[in-house]
Amino acid sequence: TKVQKKAYDKVYRLKNKGKKILNNRLYYQKNKERILIQNKKYRLDNLEKVRVSRRVYQKRNYEKLKVYWKKYWKVKNKTPQYLLKRNFSQKLRYAIKKDLKKSSIVNVLGCSIKDFKKHLEKLFKPEMSWDNWNIRGTGWQIDHKTPSSFFDLTDSNQYEKANHYTNLQPLWEWENTKKNGKRN
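Residues numbered from 1 in each chain as written. Predicted model: local features only at pLDDT ≥ 70, side-chain atom pairs only at ≥ 80, totals over all residues. Heavy atoms only, no water.

Enquirer: An account of the nonpolar core is needed here, citing residue identities and associated values.
Expert: Ranked by internal contacts, the top residues of the largest apolar core, which has 23 residues, are Phe88, Leu92, Phe116, Trp140 and Ile142. At the level of secondary structure, the elements contributing two or more residues to this core comprise helix H6 (80-98), helix H7 (104-109), helix H8 (113-123), strand E1 (140-144), helix H9 (156-162) and strand E2 (168-172). With residues near it in sequence (within four places) discarded, Leu92 still touches Ile105, Leu109, Phe116, Ile142 and Leu168. (Core = buried A, V, L, I, M, F, W, Y, C linked by side-chain atoms within 4.5 Å. Buried < 20%, exposed > 50% of the residue type's maximum accessible area, 1.4 Å probe, protein only. Helix = DSSP H or I, 4+ residues; strand = E, 2+ residues; numbered from the N terminus. Contact = heavy atoms within 4.5 Å.)

Enquirer: Which residues make up the pattern of salt bridges, and what are the values?
Expert: Across all of its chains, the model carries five salt bridges by this definition. Ionic pairing is found between Glu175 and Lys125, a salt bridge with its closest N-O pair at 3.0 Å. Taken together, the positions of Glu175 in helix H10 (residues 173-179) and Lys125 in the loop between H8 and E1 put the pair 50 residues apart, joining distant regions of the chain. Between Asp143 and Lys179 there is a salt bridge, with the nearest N and O atoms lying 2.6 Å from each other. With Asp143 in strand E1 and Lys179 in helix H10, this residue pair connects regions lying 36 residues apart in the sequence. With a relative accessible area of 10%, Lys179 lands in the buried category. (Salt bridge = Lys/Arg side-chain N within 4 Å of Asp/Glu carboxyl O.)

Enquirer: How would you summarise the packing of aromatic side chains if you had to cite specific residues and measurements?
Expert: Per the counting criterion, the structure on display carries twelve aromatic pairs. With a centroid separation of 6.3 Å and an interplanar angle of 90°, the aromatic rings of Phe88 and Tyr159 are classed as edge-to-face. Of the two residues, Phe88 is situated in helix H6 and Tyr159 in helix H9; the sequence distance between them amounts to 71 residues. Across the pair, Tyr159 and Phe88 agree in class, each one buried. Each member of the aromatic cluster is reached from another via a ring pair, and the members are Tyr68, Trp69, Tyr72, Trp73 and Tyr82. (Phe/Tyr/Trp six-rings, centres within 6.5 Å; stacked < 30°, edge-to-face > 60°.)

Enquirer: Run through unusual backbone geometry, naming residues and quoting values.
Expert: A positive phi angle, near 50°, is found at Asp99, a position not held by glycine. Within the secondary structure, Asp99 sits in the loop between H6 and H7. With phi around 80°, Glu127 is a residue other than glycine that occupies positive phi space. Mapped onto the elements of the fold, Glu127 is located in the loop between H8 and E1. Judged by its relative accessible area of 69%, Glu127 falls in the exposed class.

Enquirer: So what's going on with the environment of His119? Which residues, and what values?
Expert: Along the chain, the position of His119 falls in helix H8. Overall, the relative accessible area of 15% leaves His119 in the buried class. Between the alpha carbons of His119 and Tyr165 there is a distance of 8.0 Å; along the sequence they are 46 residues apart. Filtering out sequence-adjacent residues up to four positions away, His119 remains in contact with Tyr165 and Leu168.

Enquirer: Account for the environment of Ile96, naming residues and giving values.
Expert: Structurally, Ile96 can be placed in helix H6. With 21 residues separating them in the primary sequence, Ile96 and Lys117 have C-alpha atoms 7.8 Å apart. Beyond its immediate stretch of four places on either side in the chain, Ile96 contacts Ile113, Phe116, Lys117, Trp130, Trp133 and Ile142.

So, in structure tokens, the structure goes:
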């Protein structure tokens, strides 16, 4: 009967847990591309269901996730690559808001802040303006055409190449999130 089969399968899985894990890993390695495509299709077809499921998981595992993210950011915040990227973003934001004429950021950009703003304005898409820049959820962001993760920012030549004004563009926040470290 179905009940007996279910009970037998449960006992079998418990007895052969290591074997099952190994078989699952081998199967995943052999079929990785197909599985990734399947999972992506499912997520796209069931957006709302996936969102709800994530929210439920986050609520149930709040403390566990809190510990995980705290540990993650503690390590991440110490990497030179991340620190250089964050510092550049902060300095650039400050220089634009204060319209600075002299700043270390000007040397890296390869142009003045005024010229940089003009460069971005030429690339604006409809509805983009300085009024909706950096507004979380609805605004646009300054994006690297070739992501900074493709460069070794600890090398000064690559740092300048990554953050040169010709590698920067305005992009809607949702587009930038969707791009997720890929080249344009």
